[in-house]
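Observations on the model geometry
Listed below, chain by chain, are the residues.
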Amino acid sequence: MNNQKIMVNDKEYDTENLNGEQNYLVQQIADLSQQLSSHKFKIDQIMVAQEVFSAKLTQLLEEPE
């Protein structure tokens, strides 16, 4: 993690000065943040698709026969 800085409780830490377990946890947190962002992106896509399908169904149900 070449000379990165992190903030924890308003205190800055240089990752070069962290031990192995601390660096592992930093990597885990970074990966989880990326996963969360990716899942939010997918949820947005799913919600929009659901809205489109619901609107289309409503339109079809309201058309006169």
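Please refer to the structure higher up on the page.
In what follows, the accompanying structure is described.

Rules and cut-offs
- Residues numbered from 1 in each chain as written.
- Predicted model: local features only at pLDDT ≥ 70, side-chain atom pairs only at ≥ 80, totals over all residues.
- Heavy atoms only, no water.
- Helix = DSSP H or I, 4+ residues; strand = E, 2+ residues; numbered from the N terminus.
- Rg over C-alpha atoms; globule rule 2.2 N^0.38 Å.
- Buried < 20%, exposed > 50% of the residue type's maximum accessible area, 1.4 Å probe, protein only.
- Areas by Shrake-Rupley, 256 points an atom, 1.4 Å probe, with all protein chains shown as cover.
- Lys, Arg positive; Asp, Glu negative; His and termini not counted.
- Charge placed at Lys NZ, Arg CZ, Asp CG, Glu CD.
- Polar contact = N/O pair within 3.5 Å; in protein donor to acceptor, adjacent residues only side chain to side chain.
- Contact = heavy atoms within 4.5 Å.

1. Brief notes about the overall build of the chain
In terms of helices and strands, the chain carries one helix and two strands. Radius of gyration (C-alpha) of the chain: 22 Å, far over the 11 Å computed for a compact globule of 65 residues. If one aligns the C-alpha atoms of the chain with their principal axes, the spans along those axes are about 75 × 20 × 15 Å. Taking all 65 residues of the chain together, the buried fraction comes to 8%. Just so you have it, the chain exposes about 6100 Å², and 55% of that area is on carbon and sulfur atoms. Counting 5 positive and 11 negative side-chain charges, the chain places the averaged centre of each group 5 Å from the other.

2. Considerations on the environment of Asn-23
Structurally, the position occupied by Asn-23 is in helix α1 (residues 20-62). A distance of 3.2 Å separates a polar atom in the side chain of Asn-23 from the backbone oxygen of Thr-15.

3. Focus on the environment of Met-47
By the element assignment, Met-47 lies in helix α1. In sequence terms Met-47 and Glu-21 are 26 residues apart; their C-alpha atoms lie 38 Å from each other.

4. Observations regarding the side chain of Asp-14
Relative to the helices and strands, Asp-14 resides in strand β2 (residues 11-14). Among the polar contacts made by the side chain of Asp-14, one reaches the side chain of Lys-5 at a distance of 3.4 Å. At 3.0 Å, the side chain of Asp-14 and the backbone nitrogen of Glu-16 are in polar contact. Apart from the residues lying within four places of it in its own chain, the contact partners of Asp-14 are Asn-3, Gln-4 and Lys-5.

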